[in-house]
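# Tertiary structure, described
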Amino acid sequence: TGNPPYPTDDPALGTTIMAVVYDGGVVMGADSRTSAGSYIANRAADKITLVHDSIFVCRSGSAADTQALTDYLKLYLGMHSLDLEEAPSVQTAAHLINQLLYSNKNHLMAGMIVAGWDKRNGPSVFNIPLGGGVIPELYSIGGSGSSYIYGYVDANFKKNMTKEEAQTFVKNAVSLAIARDGSSGGLIRTVTISADGVERELVLGDKLPKIGFGQ
Amino acid sequence: MSSIGTGYDLFATTFSPDGRVFQVEYATKAVENSGTAIGLRVKDGVVLGVEKLILSKMLVEGSNRRIHTIDKHAGLVFAGLSADARQLVNRSRDEASNYRTTYGSDVPAQVLANRVASFTHAHTLYWSLRPFGASVLMGVYDADGPQLYCVEPSGSCYNYFGCAVGKGKQAAKVEIEKLDLANMTARQAVVEVAKIIYSVHDEVKDKAFELELSWVCDESNRRHQLVPKDLLQEAEKQAKEALQEDMDDE
C-alpha cells in the first residue's frame, strides 16, 4: 500500500565520482554509498569498475543500468583486444560505451567517467553524461555530489601534478562533496592507473581528510 | 586447356577427392584474366597501381575506376570481375565506417582486412552463393604505420611488403622482389609501380591501357588519394623511357 516498510526505489548511486589526469597517469575517485530512497543499500560500494587491464569506469546513476553497461563494455573490450592483438585505447572504451548508452538513452539512467592509460595516448579521462556524448577532459567530476565541488576542483586543479598531489586532490574533493551531499557518503575509494599498473586505495569514513569548515 | 572438375566443381560446397574446391579455383581464374594490379608498402606509405585495359575508344578517360578510397586512411585496388569487386568495396566502406562509429577511431589495417576476408570467405561456404571473382589489394595507413593486405577469392588474407594480382602477376612479382622497399619513399615507389606495370603489359595481346596510381603516405598527410597529376605524368614518362631502354638493349 502507501508506505511499505521496505525500500521500493531502484538502488541508485547518488554519488560523487571523479577522475583526474596527472603527469603519467590518472587518479579516479568515488564515494561508496548506494541508496534505495533513504535506505543505504550498500555503504561500502565499489563504484570504480574494471573494464580492461588499464581502463576503469566510474559509475553514477542507476546501479543496475551502470552494472549492466560495464558488464557489456568489459565483454566487448575483451573481444576487441583479441582482434587488435593489443590492449584497446581509453578512447575506444569511451566510444563503445557511448554507443550503448546513446542507443538506449530512453531506458537508461547512467552517467559515467571512463578513464585509464594506454600505450599510444598515455593517460585519458572521458566524461559520458546522461544522454550520451563523449567529452575528453583533463579532470572530470560526476554524480549528485559533484555539484558542490565544481568551484573547488576548478580552482585547485593543476596540469601535470605528481601522483601524490593528484591523489590528495581527489580525496579532498570527494570528501568535501560527501560533507554536503546526502546521497554520497561512506568511504573514499581511489584507483591510480599508469604505465606501471593499477593501485587501489581506501580512505575509511572516519579517516576522511579534514579540510574546510574552518579546520 | 585446364583440368575439368567433372562433377566436383558444381558447388562451392563440394571438395574434390584431391582436396580442392574447384569453384574457388575458377574464381581465381577470373582474377588472372584481368589487368595487373600492384601494391607496394614502403618506408612512409603504400602505393597502389593498376593496368586498366581499355576495351573501347568510346570509354571516358578516368572512368571505370579500379582504385577506390575506403576511408580517409585506406584505399584498395582490385583485379577481376569489376561488379564483384564493387560489392567488396562497398562492404569495406561499411566496415570502416561502422568501426569508426563504434570505437571512435580509424579502423586498423588488420581489422579491416580480416573483416573483408571473412566476408569473402563466407561466400565460399554455401551452395546458393558463388565466390567473388575478384582479388583486392588494400593499402591502409593506421596507427602502426602503412600496411598492405591482399584478400583473394578463397578468403585468404596476407600482409605483404609487395604484391601483384592479375594477368602479369608472375612477371610483376619478379620485378617487385628486386626492389629495396624498406628504404624507398612513396614518391619513388610511384615511379617503380609505373615501370613495372608498363613492363608487364602485353602489347601484342592487349591494346591500349590506362595507368591508375594512388598512394597513402606521409606526403599525402596519411590520406588515400590518386597520385597528383604531375607525379603521374612524370612516372609514366620514366616508365616509357625505361621500356625504351630495355627494347634498345635487345
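None of the values given here were measured: they were computed from a predicted structure.

Calculation notes
Residues numbered from 1 in each chain as written. Chains lettered and ligands numbered in written order. Predicted model: local features only at pLDDT ≥ 70, side-chain atom pairs only at ≥ 80, totals over all residues. Heavy atoms only, no water. Helix = DSSP H or I, 4+ residues; strand = E, 2+ residues; numbered from the N terminus. Rg over C-alpha atoms; globule rule 2.2 N^0.38 Å. Buried < 20%, exposed > 50% of the residue type's maximum accessible area, 1.4 Å probe, protein only. Contact = heavy atoms within 4.5 Å. Areas by Shrake-Rupley, 256 points an atom, 1.4 Å probe, with all protein chains shown as cover. Lys, Arg positive; Asp, Glu negative; His and termini not counted. Charge placed at Lys NZ, Arg CZ, Asp CG, Glu CD. Pairing = 2+ DSSP bridges. Phe/Tyr/Trp six-rings, centres within 6.5 Å; stacked < 30°, edge-to-face > 60°. Salt bridge = Lys/Arg side-chain N within 4 Å of Asp/Glu carboxyl O. Buried area = accessible area lost by both parts, 1.4 Å probe. Polar contact = N/O pair within 3.5 Å; in protein donor to acceptor, adjacent residues only side chain to side chain. Patch = residues over 30% accessible without salt bridge, like charges linked within 9 Å, V, L, I, M, F, W, Y side chains within 5 Å. Axes fitted to C-alpha atoms, helices over the stretch in contact; angles between N-to-C directions. Parallel < 35°, antiparallel > 145°, perpendicular 65-115°, else oblique. Left-handed = near helix turned anticlockwise from the far one by under 90°.

### Quick look at the overall build of chain A
- A count of helices and strands for chain A gives 4 helices and 13 strands.
- Against the compact-globule benchmark of 17 Å for 215 residues, chain A has a radius of gyration of 17 Å, which places it among compact chains.
- With the C-alpha coordinates aligned to their principal axes, the bounding extent of chain A is approximately 55 × 45 × 25 Å.
- Within chain A, buried positions represent 49% of all 215 residues.
- Of all intrachain contacts in chain A linking residues separated by at least 6 positions in sequence, the fraction that spans at least 24 positions is 63%.
- Total accessible area on chain A is roughly 10,200 Å²; 50% of this is exposed by carbon and sulfur atoms.
- Across chain A, the 17 positively charged side chains and the 21 negatively charged ones have centroids separated by 6 Å.

### Observations regarding the sheet that holds strand β10 (residues 225-226) of chain B
All names here are of chain B.
- The sheet built from 5 strands is open, its strands ordered β8-β1-β2-β9-β10 with antiparallel pairing. This sheet does not close on itself; its edge strands, each paired only once, are β8 (162-165) and β10.
- Strand direction decides the pairing type here: strand β1 (residues 37-42) and β8, joined by 4 bridges, are antiparallel. In the sheet register, G39 faces β8, and the bridge partner there is C163.

### Re the packing of aromatic side chains
Residues and elements named next belong to chain A.
- One pass over the structure, following the stated rule, counts 9 aromatic pairs over all chains.
- An angle of 25 degrees between the planes, with centres 5.9 Å apart, marks the rings of Y72 and Y76 as stacked. One end of the pair is Y72 and the other is Y76, both in helix α1 (residues 63-84) and 4 residues apart, which spans about a single turn.
- On the basis of relative accessible area, Y72 is assigned to the partly exposed category, the value being 45%.
- Residue classification places Y76 among the partly exposed positions, given a relative accessible area of 33%.

### Notes on the pattern of salt bridges
- This structure, assessed with the given rule, holds 26 salt bridges over all chains.
- Here the salt bridges do not stand alone but share partners, grouping A:E86, A:K119, A:R120 and B:D144 into one network.

### Some words on the interface of chain A and chain B
- Contacts between chain A and chain B engage 10 residues on the former and 11 residues on the latter.
- When chain A packs against chain B, the two sides together hide about 950 Å² of surface, and 49% of this comes from carbon and sulfur.
- Along the contact surface separating chain A from chain B lie 1 salt bridge.
- We note a salt bridge from B:D144 to A:R120, for which the minimum N-O separation is 2.6 Å.
- Our count for the contact surface shared by chain A and chain B stands at 4 residue pairs in polar contact (both at pLDDT 80 or more).

### Things to note about the side chain of A:T70
- Counting through the fold element by element, A:T70 comes out in helix α1.
- Note on A:T70: relative accessible area 3%, which makes it buried.

### Notes on a negative patch on the surface
Residue and element names in this part refer to chain B.
- On the surface, E245, D246, D248 and D249 cluster together into a negatively charged patch.
- Here D246 is to be found in helix α6 (residues 229-249).
- With a relative accessible area of 41%, D246 lands in the partly exposed category.

### Quick look at the packing of α1(A) against helix α2 (residues 90-103) of chain A
Residues and elements named next belong to chain A.
- Relative orientation of the contacting elements α1 and α2 amounts to 130 degrees, with a least axis distance of 10 Å. Overall, the two elements α1 and α2 adopt an arrangement that is oblique. Regarding α1 and α2, the two cross each other, and that crossing is right-handed. Of the residues in α2, those touching α1 at L69, Y72, L73, Y76, L77 and H80 are T92, A93, L96, I97, L100 and L101.

### Overview of the sheet that holds strand β5 (residues 134-142) of chain B
Residues and elements named next belong to chain B.
- As summarised here, the arrangement of the 5 strands in space is β3-β4-β5-β6-β7, forming an open sheet in which the pairing is antiparallel. Of all the strands in the sheet, just β3 (67-71) and β7 (157-160) have a single pairing partner and so form its edges. Shown here is a sheet whose adjacent strand axes are inclined to one another by a mean of 25 degrees, direction ignored.
- Two strands pair when backbone bridges link them, and strand β6 (residues 145-151) and β7 are joined in this way by 4 bridges, in the antiparallel orientation. Bridged to C150 within β7 is Y158.
- Together, β3, β4 (74-80) and β5 form the strand contacts of helix α2 (residues 82-103), whose direction differs from that of β3 by roughly 20 degrees.
- Sitting on the sheet, helix α3 (residues 109-122) touches β3, β4, β5, β6 and β7, and the angle it makes with β6 is about 10 degrees.

### Notes on the side chain of A:S60
- Checked against the element boundaries, A:S60 lands in strand β7 (residues 55-62).
- Here the side chain of A:S60 touches A:G111 through a polar contact of 2.7 Å, landing on its backbone oxygen.

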